[in-house]
Structures are given as C-alpha cells and as structure tokens.
Number of protein chains: 2
Amino acid sequence: MTGREAKDALYEHFARIAKAAGHATRVEILDLLGQAERGVDELASLTATRVTTMSAHLQVLRQARLVETRREGTRVLYRLADDEVARFVLSLRDVARARLAEVQQVVRDYFEGADDLEPVSREGLLERAESGDVVILDVRPEEEFAAGHIPGALSAPLGELETRLRRLRKRTEIVAYCRGPYCVLAPQAVALLRRKGFKARRLEDGMPEWRLAGLPVAVGEE
Amino acid sequence: MTGREAKDALYEHFARIAKAAGHATRVEILDLLGQAERGVDELASLTATRVTTMSAHLQVLRQARLVETRREGTRVLYRLADDEVARFVLSLRDVARARLAEVQQVVRDYFEGADDLEPVSREGLLERAESGDVVILDVRPEEEFAAGHIPGALSAPLGELETRLRRLRKRTEIVAYCRGPYCVLAPQAVALLRRKGFKARRLEDGMPEWRLAGLPVAVGEE
DNA sequence: AGGATATTCCATAGAATACTGGAATAGTGA
DNA sequence: TCACTATTCCAGTATTCTATGGAATATCCT
C-alpha cells in the first residue's frame, strides 16, 4: 500500500461514516437512539416509515458500526454504538444550525416560538434542585426516562402531565427538559404548565447533551 | 407546516450536511481546507482528481454551505465556511477511529509505525518553547504555515528541511508538527532528524486541533 | 409441532450521484 | 481586441441508493 493508497483508504472510511448519516431517516434514528434503545417497529412507527425500509436503514447504520444490537426474545433492540457517535450527531446538528439559514428559520417558527422565556442553563441546576428551590421534570416517554435521566428529576411524560400535577406546588419553579433543543415536548409542557398557573421554564438542551457534558445520570424507573 | 413536517425538514437539513461529507474526495477537500484556502486546480492535483470533477465536488460542498469562496484574479479560492465545520470534520474522524477497526489498522501501519517514540502533548509546549527548552518545527508547505501556525514555530517544509537544519543545535529538543494525526509529514521529518543525530519527537495532533483547542495562532510568513 | 410476532432478505423499479469530455464564461495581460 | 488561464456548466453513461412487497428466518408460546 503506497502513501496515496493509505490516504485514500482512510478518507474512504471517514466518508463511510458520513454517508451512513446522509439520510434524513437515519439521522432521526440516531437521534432517537441517543435517548434509549429501541426495537425495529418502534423506530418505524416513530419515524413514519415501513418496517422493511426501517430494517434496511438499520443495516446501513450497522455496517458503518454506528449502532449495535441485542436480542430480546423475538425483538432486536438497536442502540448507539458509543458516546462518540452521539457526539458526532450533535456536531452534525451544530454545523447545520450554524450554516443553514433554513434550520434557524424552522427552529424559530416551531421550537423557540412556543416559549418566549429565556431557557434555564445546566449550570447549578442540580444544586438548586437538591435544595428544593426547583423541581426538575422529565417530560419524555417513560422508556427514555428509564434509560437515563437527570438525578432527582420526576418522570412526567407529556400525555400524563396533567394527572401528575397534583404533587407540585405552584410556588416552586419547575424546569422541564426533553430530548434536546429540537424536541417539542418540553416547550409544550412549559406552555401547559403556565396555563395552569405554574412557574415553568425549559432547560436549554436535553438529555444527551447533559450526559455528554459529563454531568451525572440516573438510570431506572423513578 | 405540521409537527411531523417541521421535524422532517430539520432532519433533511441535517442529512444534507452529512451527505455533502459523504464522499472520500470531499472529506479530503475539507481536510485540506482546514489548513489553508486553496484554488480549484491545486485541490485537484493534491487529491489526484480531474479539475472538472473537483469543481463538481466543490459545488456540492458549497451548496451545503460547508465552504465559501473568494476570487483572486482568475482563480477562485475555497475555504472552510467556519470553525464549526472544522470541528465537524474532526468529529467525523474521531468516530471513524473509534468505530472502524480498519482505520486503526491503517494508522498503525502507516502513521504511528514511522515513529516509535511517545508524541509530545500540547500541554505546556509554548512555555517550553519560549524558555528555549525546545524548538517547534512546522513541516507543512509554506502556504499552510502562512495561513496559521503555532507562535514561535519555524517553517521547515519537508522538502527543504535539510537545508534549514544548520540553524538548529543538536542539543535542544525538536518538536515537529503537521496537519494532524493522519498526516505523514511530521513522522517523516522526525525520522529524518533522528538520522541526522537530532533529538526529535512529533506533536500529538496538528494545526486545526491546536486552533480549535483555543490555543494562540500566528498568521503570516515567518 | 404449529401458530403468531418481529425482523431480515431478496428482486425490482425508479431516483439520485459520480465521472468524463467538450463547450461556455470570467478575468488577465499583451 | 485577442490569446491565455482558471473555473464552471452541460449532456451522456455507469453506478449506487431508496422504497416496496413478498418470501424467508428466528424466537416465543401453547
């Protein structure tokens, strides 16, 4: 192998990774798997694709080693291969946001618009929660909460949010979070909470960002 | 636009970035532009492709807004659009290295093998250079040195390395760097220097990593 | 063993992408 | 203005990718 051939081989491998991420459905899959492992037909319905198509996309991701699998009975559960992959997806999002005006437009219209208050930063949140100053609410589906959540956070999937409100006092500030800056769950939760008279704001970013920032994560149901 | 449509639009844009990076030649282009801006036929000869093919690849990168251009006389100079893009390319490399055993193999055979000594870390290098403890050698082509180098480093393109050796004493340690961990220039320089009886090691990583780590960069010729 | 469910494999048709050679365009300098 | 250089555009061809529906596999349960 000459120098040029070695170089070509390397760039070919780099491109292989990017190519695997080069389809909208596959980026969405990676994003979902950043939350929790999932079965094939779960992913298919979450992304509105057919199962066979989903399976094909998953094979592409698997051949690029971006995801791994384990069997559970008749189901095959897919997960991200490691945190480096999650970091890569975040980097991809960041480039898109920095470079594509269209992304900024969609974000303005559909995500930030829902909530005009400044989001809360990660800084010092845990301490404030421990002191009882704020309550942290995880509004993602239960599986995702179980796969990893901010220590001390209460699970309140958006659909069941109203029934779980009784535990909360209107005095204490509520900080809601979900999957990240492009997830609508937390903004919607905040809107609902405000209508009910609570003091609520959303956390900037969501779970994978929290974990990749090196902050502590709790696992398991409540 | 419904929620699903907004989501689809977002993922489509994310995928657009990844797709643009999804070709070996284009990754190599991004890598080269991380060093310095370049004209089209320069890039073509550096990557061993024809000019028309190169131009087509550059259009793809430009439409994804990963690169920008400026005209200089009859030439069109391409550059990375911003540091976020450079970070993305590094992230892509990191995933490939972490996930693809083939990459690790190529690296072992062609890059690290050339130099068995532990590379020098960025930590404290500037201080040691200022105190005269080490000499930093930039062995990349001159244009790349001019576009940005470690403050205090001497430019010594590999081809002219031998003629520039006279300035150096065999006592002081030499630290050579180039484009990054997958660049052969620094390992080759180190090998040459050792044959001549110098104490030489290479810097871990290269220029874009140095800059993105927030360390100071000097611009201009010597 | 047999039925049910979840997933993967396969063949195919349509769409998108890459490379090539030739033509067109923009800027430079005589 | 004319020749010259660097770059881009265009049309054709070969290749690769995507979605789809039907068939094959694997596991579980009875």
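Report follows, based on the coordinates. (Residues numbered from 1 in each chain as written. Chains lettered and ligands numbered in written order. Predicted model: local features only at pLDDT ≥ 70, side-chain atom pairs only at ≥ 80, totals over all residues.)

### Thoughts on the packing of helix α3 (residues 40-47) of chain A against helix α4 (residues 51-63) of chain A
All names here are of chain A. Put simply, the test is: Axis geometry follows a simple rule: fit a line to the C-alpha atoms, using only the stretch in contact for helices, then measure angles between N-to-C directions, giving values from 0 to 180 degrees. A helix here means a DSSP run of H or I that spans at least four residues, while a strand means a run of E at least two residues long, and both kinds are numbered starting from the N terminus. If an angle is under 35 degrees, it is roughly parallel; if it is over 145, roughly antiparallel; if it lies from 65 to 115, roughly perpendicular; otherwise it is oblique. Placing C-beta atoms from the backbone, we regard two residues as in contact once those atoms come within 7 Å. Here the nonpolar group is Ala, Val, Leu, Ile, Met, Phe, Trp, Tyr, Cys and Pro; Asp, Glu, Lys and Arg are the charged ones; every other residue, Gly included, is treated as polar.
The contact between α3 and α4 brings their axes to 9 Å, and the two run at 110°. With respect to α4, the axis of α3 lies roughly perpendicular. Between α3 and α4, the residues in contact are V40, D41, L43 and A44 and V51, M54, S55 and L58, respectively. Residue classes in the contact of α3 with α4 are distributed as six nonpolar, one polar and one charged.

### Some thoughts on the sheet that holds strand β1 (residues 38-39) of chain B
Residue and element names in this part refer to chain B. Our working definition: Paired strands, as defined in this entry, are two strands with at least two bridges between them according to DSSP.
Read from one edge of the open sheet, three strands run β1-β3-β2, paired in antiparallel fashion. Edge positions in the sheet fall to β1 and β2 (67-72), since each of these pairs with one other strand and no more. Here two bridges tie β1 to strand β3 (residues 75-80), and the two strands are oriented antiparallel to one another. Of the residues in β3, the one forming a bridge with G39 is L77.

### Comments concerning the relation of the copies chain B and chain A
Quick reminder of the rule: A least-squares superposition brings the copies together, and it is based on the C-alpha atoms of residues with pLDDT no lower than 70 in both.
Superposing chain B onto chain A requires a rotation of 180° together with a translation of 0.0 Å along the rotation axis, leaving an RMSD of 0.0 Å. Within this description, the copies of the chain are treated as partners about a two-fold rotation axis. Relative to the rotation axis, the closest C-alpha in chain B is found at A18 of chain B, a distance of 2.6 Å. The fraction of interface residues of chain B whose copies in chain A are also interface residues reaches 100%, indicating that both copies meet through the same surface.

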